[in-house]
Amino acid sequence: KNEVEQSPQNLTAQEGEFITINCSYSVGISALHWLQQHPGGGIVSLFMLSSGKKKHGRLIATINIQEKHSSLHITASHPRDSAVYICAVPDYGGSQGNLIFGKGTKLSVKP
Amino acid sequence: NAGVTQTPKFRVLKTGQSMTLLCAQDMNHEYMYWYRQDPGMGLRLIHYSVGEGTTAKGEVPDGYNVSRLKKQNFLLGLESAAPSQTSVYFCASRGDLLAGGNDTQYFGPGTRLTVL
C-alpha cells in the first residue's frame, strides 16, 4: 500500500510570501493529485500530474517521479489561499484507481 | 449541473439509531465513493462502487452498508450508530478511464454527523 507524507502539517505565512508544500510517497505511481479543502469544508481538485510541472494561475505543482516527491507552490500568497491542501496518490494495493490521501497541510495566510 | 450533492448536511444521532446518507451526481459518472474525514487523519475510504448495482469495501467499512441501485445515487447506511462514527462524510464520483474520463474525483459538500 502506498504511504503518503505531507509537510509541513501547518503553515502560517504573510500575504505576498512564496509558499511550498511537500508530498512524498512510497510506491511508484502514474499520477499524483493535489486538492484544496476550503475553510467551509468543500474539496476541489487542483491538479493531476504525472511528470514535470503544471501551472494554474499562482499555483504551480511539480513532481519528481524518480524521487517519489511532489511540491505545490503558491506565488504571491493571498489570504484567500488559506485552506487545507491535500496530496493523493493511487492505491495500487487496492483496485479501480482508488486514491490514498495525505493528512493535509493547513495553510493560513495573514494580511 | 449541480455536480455532487449530499443529503443531509448535518445530523445528530443517538447511539444505536440508524440513518442513511444520500449522494447524488449528475455527471453520469461510473465510479462513486464514500469517505470519512477525522481530525488529524486523511480522507479514508469506506465503500465504493464501480457502476450501478456494484459495491465494494474500502479501508474502513465496518459499521456501514451501501447501495447503488441507480447510477446517479450512492447511499451510505449506518444501521446502529456508534460514537466512533462521529465524523464528516464525503461522497465523490469520477468518470470511467476507459470511456475517456480521468482520475479526477469530484466531491460533495460533506455531511457532518455527530453520534451521542
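See the structure above.
As the structure is a computational prediction, the values presented were derived from the model and not from experiment.

Calculation criteria
What you see as residue numbers is a count from 1 along each chain, following the sequence as written. Lettering for chains starts from A, numbering for ligands starts from 1, and both go in the order in which the items are written. For this predicted model, a pLDDT threshold of at least 70 governs which residues receive local features, and a threshold of 80 or more governs which side-chain atom pairs are given and counted, while totals over whole chains, interfaces and linings are taken from all residues. Based on all heavy atoms of the structure, the side-chain values leave hydrogens and waters out of the count. Counting from the N terminus, the helices are DSSP H or I runs at least four residues long and the strands are E runs at least two residues long. Restricting the calculation to C-alpha atoms gives the radius of gyration, and the globule rule supplies 2.2 Å times the number of residues raised to the power 0.38. Per-residue accessibility, obtained with a 1.4 Å probe over protein chains only, is compared with the maximum for each type, and a residue is labelled buried under 20%, exposed over 50%, and partly exposed between these values. Residues counted as positive are Lys and Arg, residues counted as negative are Asp and Glu, and His and the chain ends are not counted. Where a charge lies is defined by one atom per residue type, namely NZ (Lys), CZ (Arg), CG (Asp) and CD (Glu). Side-chain atoms alone can form a polar contact between residues adjacent in sequence; in general such a contact is a pair of N or O atoms within 3.5 Å, and within protein one must be able to donate a hydrogen while the other accepts it. Should any heavy atoms of two residues lie within 4.5 Å, those residues are considered in contact. Buriedness for pockets is judged along seven lines, at least five of which must meet protein on both sides within 12 Å for an open set on the 1 Å grid over protein atoms alone, while cavities are sets there where a 1.4 Å probe fits but cannot get out, and lining residues have an atom within 4 Å of a point. Grid points are joined across faces, edges and corners, and a volume is the space filled by probe spheres set on the points. We call Asp, Glu, Lys and Arg charged. Ala, Val, Leu, Ile, Met, Phe, Trp, Tyr, Cys and Pro are nonpolar, and the rest, Gly among them, are polar. Buried surface area refers to the total accessible area, computed with a probe of radius 1.4 Å, that the two partners give up upon joining, counted for both partners together. Salt bridges are defined as contacts in which a side-chain nitrogen from Lys or Arg sits within 4 Å of a carboxyl oxygen from Asp or Glu.

The subject of this paragraph is the overall build of chain A. The number of helices and strands found in chain A is zero helices and eleven strands. Relative to the globule expectation of 13 Å for 111 residues, the C-alpha radius of gyration of chain A, 14 Å, shows essentially globular dimensions. Once the C-alpha set of chain A is aligned to its principal axes, its extents read approximately 45 × 30 × 20 Å. Counting only residues that meet the buried cut, chain A has 44% of its 111 residues in that class. For chain A, the distance from the average site of its 10 positive side-chain charges to the average site of its 7 negative ones is 5 Å.

The helix and strand inventory of chain B stands at zero helices and eleven strands. Listed N to C, the secondary structure of chain B is β-β-β-β-β-β-β-β-β-β-β in terms of helices and strands. For 116 residues, the compact-globule formula gives about 13 Å, and the C-alpha radius of gyration of chain B, at 14 Å, lands near that figure. Its C-alpha atoms put chain B at 45 × 30 × 25 Å along the principal axes.

Residue and element names in this part refer to chain B. Assignment of secondary structure puts D38 in the loop between β4 (31-37) and β5 (44-49). Here S87 takes part through its side chain, which lies 2.8 Å from a polar atom of the side chain of D38. Here D38 is in contact with R44, T86 and S87, once residues within four sequence places are set aside.

One simple way to see leftover space: roll a probe sized like a water molecule over the atoms. Reported here for the largest pocket is a volume of approximately 740 Å³. Along the wall of the largest pocket there are 31 residues; nearest its centre are Q37, H38 and V84 of chain A together with Q37 and R112 of chain B. Mapped onto the lining of the largest pocket, the elements with two or more residues apiece are β9 (83-90) and β11 (105-110) of chain A together with β9 (87-94) and β11 (111-115) of chain B. When its residues are assigned to classes, the lining of the largest pocket shows ten nonpolar, 16 polar and five charged. By volume, the second largest pocket amounts to about 520 Å³. Taken together, the residues that form the lining of the second largest pocket break down as nine nonpolar, ten polar and eight charged.

Note: interface size is frequently given as the accessible area lost on complex formation between the parts. With 19 residues of chain B at the interface, the matching set in chain A holds 16 residues. Together, the buried faces of chain B and chain A total about 1,500 Å²; carbon and sulfur atoms form 55% of this surface. Inspection of the region where chain B meets chain A yields zero salt bridges. The tally of links from chain B across to chain A stands at one residue pair in polar contact (both at pLDDT 80 or more). Mapped onto the side of chain B that touches chain A, the elements with two or more residues apiece are β4, β5 and β9 of chain B. If one sorts the elements of the side of chain B that touches chain A by residue count, β4 of chain B sits on top with four residues. Residue composition of the side of chain B that touches chain A, grouped by class: ten nonpolar, six polar and three charged.

Residues and elements named next belong to chain B. Here Q17 shows up in the loop between β2 (10-13) and β3 (19-25). Apart from the residues within four sequence positions on either side, Q17 is in contact with L78, E79, S80 and A81. In terms of polar contacts, Q17 uses its side chain to reach the backbone amide nitrogen of K14, at 2.7 Å.

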